[in-house]
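Overview (structure and organization)
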Amino acid sequence: MGQGFDIHRLVPDRKLILGGIEIPHETGLSGHSDADVLLHALMNALLGAVGKGDIGTHFPDTDPRFKGVSSVTLIGQVLQLTREAGFAVVNADITVIAQRPRLAPHYGAIRTRLAKLMEVPAEVVNLKAGTMEGLGSIGEGKAIAAMAVVLLHAG
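Figured I'd write up the structure that's included with this text.

Observations concerning helix α3 (residues 71–84)
In a regular helix each residue adds 1.5 Å, so 14 residues correspond to 20 Å; α3 covers 20 Å between its end C-alpha atoms and thus fits that length. For α3, the complete set of buried residues consists of S71, V72, L74, I75, V78, L79 and T82. Down the axis of α3, the buried set is contained in an arc of 155 degrees. They therefore lie on one face. At its buried positions, α3 is contacted by α1 (37–49), β5 (87–97), α4 (107–118) and β7 (143–154). In this structure S70 caps α3, since a side-chain oxygen of it lies 3.1 Å from the backbone nitrogen of V72. Trailing α3 by a residue or two, G86 shows a phi angle of about 95 degrees, which is positive.

In structure tokens:
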């Protein structure tokens with residue numbers, strides 16, 4: 001079992017990518033890669049479950065190879081490490097914390113994308129979102145965070 005967390009600032013002139021899906025919004029997440037906090041939290045959960053550190057260890061923001069890279073590419077590498085460690089995904093539970101945009105209309109597309117990436121049925125990928133009720137940088141619409149928990153099995 002592993003858990004992961006990530007947070008990125010919202011900035012103008014960037015696309016908002018969550019779960020490998022572009023979400024229409026006036027700002028996007030700032031980061032060295034595409035800054036997909038959902039996939040970053042999921043990758044950290046997967047890496048934690050197999051005792052392989054975190055995404056900063058594998059994909060440092062000081063490495064120019066990862067500048068602007070899609071997190072879909074990165075999670076592919078993390079899932080390969082998971083398989084090489086002898087594990088497969090049983091399920092994933094992910095929470096995105098954002099004041100806006102409203103994410104419920106995008107749940108189906110994100111769940112389908114995540115299920116395909118992890119090679120599991122969409123029914124075992126749970127996605128939910130919450131706000132910060134106007135509190136802190138997330139509540140002020142300046143950042144988005146995500147938390148993920150995964151369960152793996154040997155095989």
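Looking at the sheet that holds β5
What the five strands build is an open sheet, ordered β4-β1-β7-β5-β6; its pairing is mixed. At either end of the open sheet lies a strand with only one pairing partner, and these are β4 (28–29) and β6 (125–130). By the bridge criterion, two bridges tie strand β1 (residues 2–11) to β4 in an arrangement that is antiparallel. Along β4, the bridge assignment pairs L10 with L29. Contacting β5 and β6, α4 runs over the sheet at an angle of about 140 degrees to β6.

Criteria and cut-off values
Residues numbered from 1 in each chain as written. Predicted model: local features only at pLDDT ≥ 70, side-chain atom pairs only at ≥ 80, totals over all residues. Heavy atoms only, no water. Helix = DSSP H or I, 4+ residues; strand = E, 2+ residues; numbered from the N terminus. Expected span 1.5 Å × (residues − 1). Buried < 20%, exposed > 50% of the residue type's maximum accessible area, 1.4 Å probe, protein only. Arc of directions from axis to C-beta. Contact = heavy atoms within 4.5 Å. Polar contact = N/O pair within 3.5 Å; in protein donor to acceptor, adjacent residues only side chain to side chain. Pairing = 2+ DSSP bridges. Axes fitted to C-alpha atoms, helices over the stretch in contact; angles between N-to-C directions.

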